[in-house]
Amino acid sequence: MSATRLIRTGSAAALVAALALVGCKESGTNGGNTGGNNAGAGSTQTYKIGVIAKSDGNPVFQAARQGARDAAAELGEEMGVQIDIEWRTPKREEPQEQASNLEALAAGGVDGVAISCSDANVLTGSIDDAVARGVEVACFDSDAPDSARFVYFGVDDTEAGREVMRQLVSVMGETGIVAVLAGNQAAPNLQARVRGVREIADQYPGITIRDVYYHEETADRAAAMMQQVQANNPDITGWALVGGWPLYTENALDGIYETAKIVSMDTLRPALAYVKSGQVQVLVGQPYHGWGYESVRLLINKLHNGESPES
């Protein structure tokens, strides 16, 4: 469906990596609120869509929020309906708060919900309960594959992790000590990216992964983790970041970039400054705006037109 961009230090052009977007598993168990919320004859049909991302403070999810709003405006005009977006994202990553928000949205009569799951084990039951109440659920960015959600939209996360490590090998060479920065240990998408990093690292006998370092997904915590690990392990010569968390604050890589090559996920504006300064060698991008836009499009197609994705 699409591809993921790579941005390299010193390159004006975007390099394209074959990281396909994936959508999978139609549930088939949900009767659905296929009629939307119609106020009566002659009135405009209205659909209420809840959007629950991992954390409100992460710029990637603000891009997704804008994508959801853009889809609501464009599809509403195209279809002659009103689409209301209710953003119910925790300020800081907290899967139990996501579950509570999903339950509240379902009880409040939304027609559909798009959610990025911080912890699939915590959220699967809440997703299933919402579907049982007739609410269509789409996952984006981070899936709950064993739930009753009808679709998942996001990159192939294992392949994303592979690409991060491929690019790191290309800039640091086939020997060295690598640290992996991995965010929330319970997040399914990040688990898959770490697996991908390890798969590629295992192909190079001269590459050793010192450890995988998990942390609260805020810029300050991520930067502090990297600086502490590098100070305690000065022999680290490469960092594989499966999320761009530390790059959303200034001076995050002081004491690190001088001796280690760095490849990171995420191509948003704050991260580009690190590429321009030469502190980060490669960024691997994702469809952040599309997380919101495509999730809303898939939900409205299901609700309004009775259409499900082919795969």
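Residues numbered from 1 in each chain as written. Predicted model: local features only at pLDDT ≥ 70, side-chain atom pairs only at ≥ 80, totals over all residues. Heavy atoms only, no water.

Pulling in residues and values, what's your account of the overall build of the protein chain?
Within the protein chain, the secondary structure is distributed over eight helices and 13 strands. Burial statistics for the protein chain: of 311 residues in total, 56% are counted as buried. Excluding contacts between residues fewer than 6 apart, the proportion of contacts in the protein chain whose partners are at least 24 apart in sequence is 70%. If you sum the accessible surface of the protein chain, you get close to 12,600 Å²; carbon and sulfur atoms cover 45% of it. (Helix = DSSP H or I, 4+ residues; strand = E, 2+ residues; numbered from the N terminus. Buried < 20%, exposed > 50% of the residue type's maximum accessible area, 1.4 Å probe, protein only. Contact = heavy atoms within 4.5 Å. Areas by Shrake-Rupley, 256 points an atom, 1.4 Å probe, with all protein chains shown as cover.)

Give a detailed account of the pairing of strand β6 (residues 112–115), specifying residues and quantitative values.
Side-chain alternation along β6 places Gly112 and Ala114 on one buried face and Val113 and Ile115 on a second face that is also buried. Relative to β6, strand β4 (residues 46–52) runs parallel, the two being bridged by four bridges. Looking across to β6, one finds that Ile52 is bridged to Ile115. Inspection of the sheet shows β6 paired to strand β7 (residues 136–140) by four bridges, in the parallel sense. Bridge pairing in β7 links Ile115 to Cys139. Viewed along the sheet, the connection from β6 through helix α3 (residues 120–132) into β7 turns out right-handed. (Pairing = 2+ DSSP bridges. Right-handed = clockwise from strand over helix to strand, strands pointing away.)

Could you give an account of the packing of aromatic side chains, naming the residues involved and the relevant values?
Taken as a whole, this structure holds four aromatic pairs when the rule is applied. Arranged with centres 6.3 Å apart and planes meeting at 40 degrees, the rings of Phe140 and Trp291 form a pair that is tilted. With Phe140 in strand β7 and Trp291 in helix α8 (residues 288–305), this pair connects stretches of sequence that are 151 residues apart. By way of ring pairs, the aromatic residues Phe61, Phe140, Tyr288 and Trp291 are connected into one cluster. (Phe/Tyr/Trp six-rings, centres within 6.5 Å; stacked < 30°, edge-to-face > 60°.)

An account of the packing of helix α4 (residues 157–172) against helix α5 (residues 188–201) is requested, with residue identities and associated values reported.
Where α4 contacts α5, the axes come no closer than 6 Å and their chain directions differ by 45 degrees. Our classification of the angle between α4 and α5 gives oblique. α5 is crossed by α4, and the crossing has right-handed handedness. Side by side, α4 and α5 meet where Asp157, Thr158, Ala160, Gly161, Arg162, Met165 and Arg166 of the first sit next to Asn189, Ala192, Arg193, Arg195, Gly196, Val197, Glu199, Ile200 and Ala201 of the second. Counted by class, the contact of α4 with α5 contains six nonpolar, four polar and six charged residues. (Axes fitted to C-alpha atoms, helices over the stretch in contact; angles between N-to-C directions. Parallel < 35°, antiparallel > 145°, perpendicular 65-115°, else oblique. Left-handed = near helix turned anticlockwise from the far one by under 90°. Nonpolar A, V, L, I, M, F, W, Y, C, P; charged D, E, K, R; others polar.)

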